[in-house]
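What follows is each chain in one-letter form.
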Amino acid sequence: MTGLLGAALPVVPLVAGLLGLLLPPAPQGATTGEGAARRAAIGLGVAGAAGALLVAVLLLVRVGDPVETSTTWIDLGGLRVTLGVRLDGVAALVAVAVAAVALAVQVYSVAYLRRGPHDDVEVDHRYPPYAAQISLFTAAMLLVVVSGDLILLLVGWEVMGLCSYLLIAHDRRLPEAPAAAMKAFLVTRVGDVGFLLGIALLGVSAGSFRIADVLAHDHSTGTLTAACLLLLAGVAGKSAQFPLHTWLPDAMAGPTPISALIHAATMVAAGVYAVTRLYPLFTRAPVALAVLGVLASITLLLGALAATAQDDLKRVLAWSTVSQLGYMTGALAVGAPAAALFHLLTHAAFKALLFLAAGAVIHAVGTTLLSRMGGLRRSMPVTFWCTLIGLGALAGVPPLSGFWSKDGVLAAAEAAALDGTGPAPTWVGWLVWLSGLLGVLLTAAYATRLLLRAFFGEPRLPLLHPHDPPAAMRWPVLLLAVPAALLGLAAFWPPFTDRLRGTAADVDLVHLAPAVLLPLVLLLVGAGLAWAGWRRDPAADPARALGPLRPVFARAFRLDDLQNTLVVRPTAALARVTRTGDEVGVDGLVEGIGRGTSTLGVGLAALHRAALPRATAAVLAGALLIGLAAALIGVSS
């Protein structure tokens with residue numbers, strides 16, 4: 001029964017998504033009513049996500065010890081590919097988080113993609129494919145979660161990439177949406193090449209792609225290190241790690257509920273989860289963990305610094321996601337997968353809350369720019385308090401969820417630095433710990449700045465009359481505020497910790513030691529700096545204190561421009577040269593031969609159809625030429 005529930009977990013939203021794709025879109029330009037197709041799409045989307053959540057909860061209740069079922073799908077000369085599921089407490093917890101966020105997004109989208117105070121049309125006529133693609137996105141992530149075979153995991157991994165492309169480009173009225181979708185698709189594909197090669201190396205080495213067989217096999221050190229480094233390329237793409245992080249902020253061109261889905265529960269979580277799934281391999285490849293620690297530290301600080309200078313509300317949250325993913329991968333680098341997963345779960349709650357609350361603000365004021373907001377605390381009290389909870393959890397304010405999970409990451413990094421407890425070299429622990437502490441200060445600063453700029457001070461658009469969102473948008477936000485505030489306390493509940501720690505029963509998720517005071521002091525310093533800058537001039541942006549560094553941080557150290565210069569432009573130039581060579585050289589030669597042959601044929605045909613006197617003259621002329629040639633040859637010989 002447990003195996004059947006595991007198989008049903010991705011199948012339920014998959015069926016809902018496939019049925020939803022059969023629904024016709026509403027007539028473009030419709031101005032009244034929802035239409036039968038939209039109502040059916042709403043029903044299928046919500047039912048698929050709710051069904052997946054129900055199955056995930058049942059699995060969470062039933063699964064204790066790891067459960068695995070599989071059947072051979074393909075046998076290529078002893079190299080086996082299986083169909084099956086691999087279930088444990090971690091998979092059940094992550095599945096609940098994915099399905100819960102997906103359900104919140106489906107319900108929220110019903111109102112968000114309906115006519116708002118700043119829209120021209122009554123409905124989004126492309127809602128049926130939108131809802132269906134969310135269901136497929138959910139199914140793909142759940143397949144990654146429960147898959148017992150690396151090839152099956154790769155299928156879900158790639159379907160997520162396709163769904164992200166379609167959903168980011170959903171609103172075709174925005175000129176930047178298709179470009180952002182293409183960028184997300186191509187950048188993540190770069191990483192996925194490495195991910196595919198890493199899977200191939202492990203499967204060939206083990207003689208099977210079944211995860212249990214791959215973990216149990218005694219791989220050679222070289223093969224294991226190469227495979228883990230290749231897998232990290234895919235993780236860097238999906239989980240937006242340096243240097244493949246550049247797609248995530250631009251993905252904000254998609255609808256805000258999709259941002260919540262991508263940032264909280266699906267793509268960005270997939271890379272972290274995949275590493276935890278294969279973590280016993282990484283512990284035997286310390287070089288790969290050292291590389292992961294370096295990338296995590298750079299990503300953590302890069303995202304935090306970039307978030308301090310953004311004026312776009314969604315881009316602040318996007319760079320925040322990049323930074324928080326650095327905490328998760330940093331925890332993996334220092335040997336604390338349970339801490340990484342704990343932060344993944346709390347981040348899913350408070351980041352989904354923050355994006356949906358941001359969507360309520362955008363829906364009310366018609367802009368994403370913080371410089372045009374202000375004073376929303378009085379007119380949008382529900383949104384304000386929910387945003388306060390989300391930002392508090394993000395910054396690590398006790399006793400909100402982010403405090404407990406982030407402290408677990410910092411404690412693990414501290415132990416790896418001071419005691420050398422991690423599987424990676426000691427310097428990796430120092431790097432992750434120090435960057436994590438600095439990240440606490442920066443996170444508190446940009447979270448406080450966001451809160452002050454959006455909700456305090458005087459309204460900067462006084463002609464607007466914003467208000468809290470309708471019920472379909474308000475209730476998902478309110479319900480997500482509960483785990484954002486309280487999920488961290490689950491670390492004191494043995495059934496939760498036992499599932500999260502798995503076989504590493506000696507790992508502590510809570511670290512109430514004197515060392516916890518240092519992050520709290522840094523939090524107060526960061527928040528105090530932002531508050532002091534705002535207090536001096538509530539109408540001005542606290543980020544002005546960055547001075548000449550502000551445009552550098554706002555452009556994220558111009559790494560996107562560097563990527564364009566070093567990679568995109570040379571590749572585009574090479575493509576143009578290749579196309580020109582193909583069209584002028586290869587095609588030109590073939591077409592030239594064709595044109596020459598055709599011209600010769602036309603000339604011969606004209607001679608063939610010539611009148612008798614002209615033909616006779618031509619024959620005599622030809623005979624004369626042949627005779628002359630023969631005479632010349634005879635004389636020369």
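Conventions adopted
Residues numbered from 1 in each chain as written. Predicted model: local features only at pLDDT ≥ 70, side-chain atom pairs only at ≥ 80, totals over all residues. Heavy atoms only, no water. Helix = DSSP H or I, 4+ residues; strand = E, 2+ residues; numbered from the N terminus. Contact = heavy atoms within 4.5 Å. Salt bridge = Lys/Arg side-chain N within 4 Å of Asp/Glu carboxyl O. Buried < 20%, exposed > 50% of the residue type's maximum accessible area, 1.4 Å probe, protein only. Pairing = 2+ DSSP bridges. Axes fitted to C-alpha atoms, helices over the stretch in contact; angles between N-to-C directions. Parallel < 35°, antiparallel > 145°, perpendicular 65-115°, else oblique. Left-handed = near helix turned anticlockwise from the far one by under 90°.

A word on the environment of G533. Tracing the backbone through its elements, the reader meets G533 in helix α22 (residues 517–536). With 15 residues separating them in the primary sequence, G533 and P548 have C-alpha atoms 16 Å apart. Apart from the residues lying within four places of it in its own chain, the contact partners of G533 are P542 and R544.

Next up on the list: the pattern of salt bridges. Note that side chains of opposite charge can pair when their charged atoms are close. This structure, assessed with the given rule, holds 17 salt bridges. Across the pair E158 and R189 runs a salt bridge whose closest N-O atoms are separated by 3.2 Å. Pair noted here: E158 is in helix α5 (residues 150–168) and R189 is in helix α6 (residues 176–206), with a separation of 31 residues, a long-range link. For E158, a relative accessible area of 27% translates into the label partly exposed. Among the salt bridges present, the one from K183 reaches D250, with a minimum N-O distance of 2.6 Å. Residue K183 is located in helix α6, and its partner D250 is located in helix α9 (residues 247–250); the two are separated by 67 residues in the primary sequence. When its relative accessible area of 18% is taken as the criterion, K183 is described as buried. Overlapping salt bridges, with partners in common, bring together E68, R80, R86, R210 and D213 in one network.

In terms of strand pairing, strand β1 (residues 67–76) meets strand β2 (residues 79–87) through nine bridges, oriented antiparallel. Paired with E68 across the strands is R86, a residue of β2. What sits between β1 and β2 in their antiparallel hairpin is a turn of two residues, with G77 showing a positive phi close to 60°.

Further remarks concern the packing of α5 against helix α11 (residues 267–277). Between α5 and α11, the least distance of the axes is 10 Å, while the angle of their chain directions is 165°. Classified by the angle their axes make, α5 and α11 are roughly antiparallel. Two packed elements cross with a definite hand, and for α5 against α11 that hand is left-handed. Counting all contacts with α5, which are made through W157, M160 and S164, the residues of α11 involved are M267, A270, G271 and A274.

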